[in-house]
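If you want the building blocks of each chain, they are given just below.
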Amino acid sequence: MSLDLLRSPLALKIIGSLFIAVTFFYLGMHWSDGYQQLIFFSEPNTNRIVETSPNSHKQFNVSSLINDSQPPPPLTLETEVKQFGIVNENGTMSEDFEVGNFDPDMVDEWVNETEIATTEDDAGGAASTKFLIKRFGLCPRNMSEYIPCLDNQEAIKNLPSTEKGEKFQRYCPEKGRALNCLVPSPKGYRTPIPWPQSRDEVWFSNVPHNRLVEDKGGQNWISRDKDKFRFPGGGTQFIHGANEYLDHIAKMIPEITFGRHIRVVLDVGCGVASFGAYLLSRNALAMSVAPKDVHENQIQFALERGVPAMASVFANRRLLYPSQAFDLIHCSRCRINWTRDDGILLAEVDRMLRGGGYFVWAAQPVYKHEEALEEQWEEMLNLTTRLCWNFLKKDGYIAVWQKPSNNSCYLNREEGTTPPLCDPRDDPDNVWYVNLKPCISRLPENGYGTNVPEWPARLETPPDRLQTIKLDAFTSRPELFKAESKYWNEIVQQYVDTLGWKEMRMRNVMDMRAGFGGFAAALISQNFDNWVMNVVPVSGTNTLPVIYDRGLFGVMHDWCEAFDTYPRTYDFLHAANLLSAERKRCNVSSIMLEMDRILRPGGQVYIRDSVTIMDEIQDIAKAMGWQVTLRETAEGPHASYRVLVCDKHLLHA
């Protein structure tokens, strides 16, 4: 009976299935021994350590599996960052760094260290040679104030002409000659004086230059008092102080209400940025700009004080700000010939000035009666009339104009009037390496950009120019705007609650991939006493018009190149989804070396990015001497993102 049961069709099927299952299980166990395995997490514990497979660095000759007849690939040369730290007195690698002042005898020993490793794949195929960078070395001490794209003397020397300020524009090093070392601090560098005290004084050792004291000391700009520079708050045209000067402007034109109607200002030829420094107390932001000229350290002084600033020049390219960016543009003895080349520079001011915005000019032609200066004044009146600006008032040494709010005046000018209107196909927000154009940028017929709410309501109001942003979005733009604001409000609140952000020094802040400016807005909502440079990468969507319409400011930039600021000028760098996006275009280590250049010792970097790039980022950060901590996001251990918190210290080798 039992034998007949075993011979039945059902029993034979069961026995056959068991045999097949056992066979495949055995083959699977055997076959998998040589292949990569994924181990996501170790046994549960409070630290939730992320581990990778022991096979993760094995190389496989996949091409040999596809076509055995193909010749083996040639020897490849790759760059890989691996094994970092500082060699301690025992000759072993340590990731512990001392924090303190630079030792001048040791600093020059901090050099690039690499080793060459040749590996062979498991199948005995082609070898792969890799440079393994142990650490990045210090640049020569004479590079302590190096700005790569503004100090390219070889490119400047070969310019056909420099008469229009071309030598102060960007000329980045050629590919392969980018920064590959850590820019050192000057001897005696000290932790910067905190804001608001820094508005009035900074350490001499941090910006060790007396040139401005010698040239401008009598104009109440700056003075030196032993180991400090002091800033009395004056300027060439306002030697009695910036506060009195701001009061003068507001009394001249009552509609100029700083901190309400006037929120975002451009200060051209800013000196040490006292105009912008005192505007901050009136709830208005000024982007202070000046070239790196004979007074080359004025922008460095501004940033050391904790005042928004960047190196920039009116020459023959557009400035890196969008159309209708600024509510007011200010020039006090800024040494710019606004009427040259039929007003091409003032046409650039017009492009950046919001419809209905104000241009304030304090200069000798306004109030002096010498023949040459009176001619300059008449030329200025003629040009501004052709630009359709309304001359409002002249009082003492200050003159004020207002830009029209629509195109009606432009369209009603006499035929042949210069400068003409720009071609309708011209994009006034296209600014990256774009030459100046001798024409007037049209205002949008729908009033976009001109009609913005007063501050602070404009911060959270979805601006009209959201509709002009080129997005592949199925959700309405206002909803995306609100969602981004909510997202960053929640994240910043988490940082405040769990990471003690309110105790951090973060006066000068940069958001390296700013989107609609939600991160900066969240900091304002938390009442942080800082300012944020919102950077919009050229590789993504141009959201700068929205950022400015919110009452924030920012700049266009390509992170494959260096940023136009001095070393050690930012306390905090925020990079969300930046490096994973830019690694397709740029060398990640080059971007991070640039981050190190502009970050102050004692500063912090928060990198929020994909878990797939975190190993590479951590390796590079350690090679630069940063201390790093990898943290999970609020989504938990299975999220595809991590937050890398990095601290930059002064190092002893």
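These numbers come from a predicted model, not from an experiment. (Residues numbered from 1 in each chain as written. Predicted model: local features only at pLDDT ≥ 70, side-chain atom pairs only at ≥ 80, totals over all residues. Heavy atoms only, no water.)

> Is there a simple way to think about the nonpolar core in this case?
Generally speaking, a soluble globular protein has its nonpolar side chains buried in company with each other. Ranked by size, the top nonpolar core spans 145 residues in total, and within it Y321, W338, F359, W501, M592 and I607 carry the most contacts. When residues no more than four places from it in sequence are discounted, the contact partners of F359 are I329, C331, W338, L346, V349, L353, M380, W389, A399, V400 and W401. By size, the runner-up hydrophobic cluster in this structure holds 10 residues, among which are L212, I222, V272 and F301. (Core = buried A, V, L, I, M, F, W, Y, C linked by side-chain atoms within 4.5 Å. Buried < 20%, exposed > 50% of the residue type's maximum accessible area, 1.4 Å probe, protein only. Contact = heavy atoms within 4.5 Å.)

> Could you clarify how one ought to interpret the sheet that holds strand 21 (residues 627-632) in this entry?
Paired through their backbone hydrogen bonds, the strands of a sheet run either parallel or antiparallel. The sheet built from 7 strands is open, its strands ordered 18-17-16-19-20-22-21 with mixed pairing. Strand pairing shows two members of the sheet lacking a second neighbour, strand 18 (554-557) and strand 21, which therefore form its edges. Averaged over all pairs of adjacent strands, the angle between their axes in this sheet comes to 20°, without regard to strand direction. Here strand 16 (residues 508-511) pairs with strand 19 (residues 570-576) via 3 bridges, running parallel. Bridge pairing links D511 to H574 in strand 19. (Pairing = 2+ DSSP bridges. Helix = DSSP H or I, 4+ residues; strand = E, 2+ residues; numbered from the N terminus. Axes fitted to C-alpha atoms, helices over the stretch in contact; angles between N-to-C directions.)

> Explain the side chain of R318 here, please?
On the secondary structure map, R318 appears in the loop between strand 11 (309-311) and strand 12 (326-332). Classification of R318 by relative accessible area gives buried; the value is 5%. The residues contacting R318, other than those within four sequence positions of it, are E348, R351, D426, D427, P428, N430, V431, V434, N435, L436 and K437.

> Could you clarify how one ought to interpret the sheet that holds strand 13 (residues 353-362) in this entry?
Spatially, 7 strands are ordered 11-10-9-12-13-15-14 in an open sheet, and the strand pairing comes out mixed. Each edge of the open sheet is held by one strand with a lone partner, namely strand 11 and strand 14 (390-395). Going from strand to strand, the sheet's axes swing by 20° on average, the running direction of each strand aside. Looking at chain direction, strand 14 and strand 15 (residues 398-402) are connected through 5 bridges and run antiparallel. Pairing of K394 across the sheet is with A399, part of strand 15. Relative to the sheet, helix 12 (residues 371-386) contacts strand 13, strand 14 and strand 15, its axis offset from that of strand 15 by approximately 15°.

> When you look at the state of the cysteines in this model, what are you seeing that I'm missing?
A covalent bond between the sulfur atoms of two cysteines is what we call a disulfide. Scanning the entire structure with this criterion turns up 6 disulfides. A disulfide bridge connects C331 with C334, and the sulfur atoms are separated by 1.9 Å. Residues C331 and C334 are joined by a disulfide whose S-S torsion is about -80°; by sign, that bridge is left-handed. C334 carries the same exposure label as C331, and that label is buried. Across the disulfide, C388 is cross-linked to C409 (sulfur-sulfur distance 2.1 Å). A torsion of -80° about the S-S bond marks the disulfide between C388 and C409 as left-handed. Taken as a pair, C388 in the loop between helix 12 and strand 14 and C409 in helix 13 (residues 408-411) lie far apart in primary sequence, 21 residues in all. According to the relative accessible area criterion, C388 is buried, its value standing at 9%. Taken N- to C-terminal, the disulfide-bonded cysteines of the protein chain are connected 1-4, 2-3, 5-6, 7-8, 9-10, 11-12. (Disulfide = S-S within 2.5 Å.)

> Would you explain the pairing of strand 10 (residues 285-290) in this entry?
Looking along a regular strand, one sees side chains alternate from face to face of the sheet. In terms of burial, strand 10 is a largely internal element, 6 of the 6 residues being buried. Of the two faces of strand 10, the one carrying L285, M287 and V289 and the one carrying A286, S288 and A290 are both buried. Note that strand 9 (residues 264-268) and strand 10 share 5 bridges and pair parallel. Within the sheet, the bridge partner assigned to V265 lies in strand 10 and is A286. A crossover connection joins strand 9 to the parallel strand 10 through helix 8 (residues 274-279); in handedness this β-α-β unit is right-handed. One ladder, built from 3 bridges, connects strand 10 with strand 11; its direction is parallel. Of the residues in strand 11, the one forming a bridge with V289 is M310. (Right-handed = clockwise from strand over helix to strand, strands pointing away.)

> How do you make sense of the pattern of salt bridges when you look at a structure like this?
Side-chain pairs of opposite charge can arise where the charged atoms are in close proximity. This model, assessed by the stated rule, comprises 33 salt bridges. We note a salt bridge from D327 to R458, for which the minimum N-O separation is 3.1 Å. Separated by 131 residues along the polypeptide, D327 in strand 12 and R458 in the loop between helix 13 and helix 14 (477-499) bring together distant segments of the chain. Using a relative accessible area of 4% as the deciding quantity, one classes D327 as buried. Look at R458 and you get buried, because its relative accessible area is 0%. (Salt bridge = Lys/Arg side-chain N within 4 Å of Asp/Glu carboxyl O.)

> Please clarify how the packing of aromatic side chains should be interpreted in this entry.
The geometry of two aromatic rings is summed up by the distance between their centres and the angle between their planes. Tallying each qualifying case throughout the model produces 31 aromatic pairs. Taking 5.0 Å as the distance between ring centres and 90° as the angle between the ring planes, the aromatic pair formed by F229 and F301 counts as edge-to-face. Here the residue F229 occupies a position in strand 8 (residues 228-230), and F301 occupies one in helix 9 (residues 298-305), the gap between them amounting to 72 residues. Between F359 and W401, the ring centres sit 6.1 Å apart and the planes meet at 40°, which makes this aromatic pair tilted. Here the residue F359 occupies a position in strand 13, and W401 occupies one in strand 15, the gap between them amounting to 42 residues. For W401, a relative accessible area of 0% corresponds to the buried category. Through successive ring pairs, a cluster of aromatic residues spans F314, W338, F359, W361, W377, W389, F391 and W401. (Phe/Tyr/Trp six-rings, centres within 6.5 Å; stacked < 30°, edge-to-face > 60°.)

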